[in-house]
Amino acid sequence: TEVRIRTLKAISAVGSIRNQNVYMGFYESEVWEERMLAIRLAPTIGEASVHGVVGGLDDPHPLVRKEAVKILPHFMPSMTDWAVPLPVIGEERSER
């Protein structure tokens, strides 16, 4: 367990992985530190890790949940991609 935790920390520091499938099992680990570190690696792993991050939101350990909340926005579209521009709203009001 300790070796896996240290390895995940090192991979997180490097920020590069070769095979994303190797890390998917850590989202279901019995060790909370492994689940937390897997969630921390999620942006490096890519879209395949979204399910694991979302699952982390319901994790029994508070630090895993906290990490999931922190990482999840990496997978959401920027607000500028979907928000209604304020000038449009202002123009509609001035037409009344």
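Structural data are supplied above this passage.
My aim in this report is to walk through the structure given alongside it, one point at a time. Model, not experiment: these values are computed from the prediction. (Residues numbered from 1 in each chain as written. Predicted model: local features only at pLDDT ≥ 70, side-chain atom pairs only at ≥ 80, totals over all residues. Heavy atoms only, no water.)

Structural notes on the pattern of salt bridges
Then comes step 1: Under the definition given, this model contains five salt bridges.
Then comes step 2: For Glu-34, the salt bridge identified is with Arg-4, shortest N-O distance 2.7 Å. With a gap of 30 residues between them, Glu-34 in helix α3 (residues 32-45) and Arg-4 in helix α1 (residues 2-14) connect regions that are remote in the sequence.
Then comes step 3: Residue Glu-34 is classed as buried on the basis of its relative accessible area of 2%.
Then comes step 4: Residue Arg-4 is classed as partly exposed on the basis of its relative accessible area of 39%.
Then comes step 5: In this structure, the salt-bridge partner of Glu-67 is Arg-40, at a minimum N-O distance of 3.3 Å. With Glu-67 in helix α5 (residues 62-71) and Arg-40 in helix α3, this residue pair connects regions lying 27 residues apart in the sequence.
Then comes step 6: Taking relative accessible area as the criterion, Glu-67 reaches 6% and is therefore assigned buried.
Then comes step 7: Linked by salt bridges that have partners in common, Arg-40, Glu-67 and Lys-70 make up one network. (Salt bridge = Lys/Arg side-chain N within 4 Å of Asp/Glu carboxyl O. Helix = DSSP H or I, 4+ residues; strand = E, 2+ residues; numbered from the N terminus. Buried < 20%, exposed > 50% of the residue type's maximum accessible area, 1.4 Å probe, protein only.)

Focus on the environment of Lys-66
Then comes step 1: Take Lys-66: it is sitting in helix α5.
Then comes step 2: Given a relative accessible area of 60%, Lys-66 falls into the exposed group.
Then comes step 3: Linking Lys-66 and Met-36, residues 30 residues apart in sequence, is a C-alpha distance of 8.8 Å.

Remarks on α5
Then comes step 1: Taken together, the buried positions of α5 are occupied by Val-64, Glu-67, Ala-68 and Ile-71. Taken down its axis, α5 places every buried residue within 100° of arc, on the same side. For α5, the exposed residues lying more than 90 degrees away from the buried face are Lys-66, Val-69 and Lys-70.
Then comes step 2: If you follow the buried residues of α5, they end up packed against α3 and α4 (50-56). (Arc of directions from axis to C-beta. Contact = heavy atoms within 4.5 Å.)

Points about the nonpolar core
Then comes step 1: Counting residues in each nonpolar core, the largest one holds 21 residues, and the members touching the most others are Tyr-23, Ile-39 and Val-53.
Then comes step 2: Of all the elements, α3 adds the most residues to this core, at seven residues.
Then comes step 3: For Ile-39, the contacting residues outside a window of four places in its chain are Tyr-27, Gly-52, Val-53, Gly-56, Val-64, Glu-67, Ala-68 and Ile-71. (Core = buried A, V, L, I, M, F, W, Y, C linked by side-chain atoms within 4.5 Å.)

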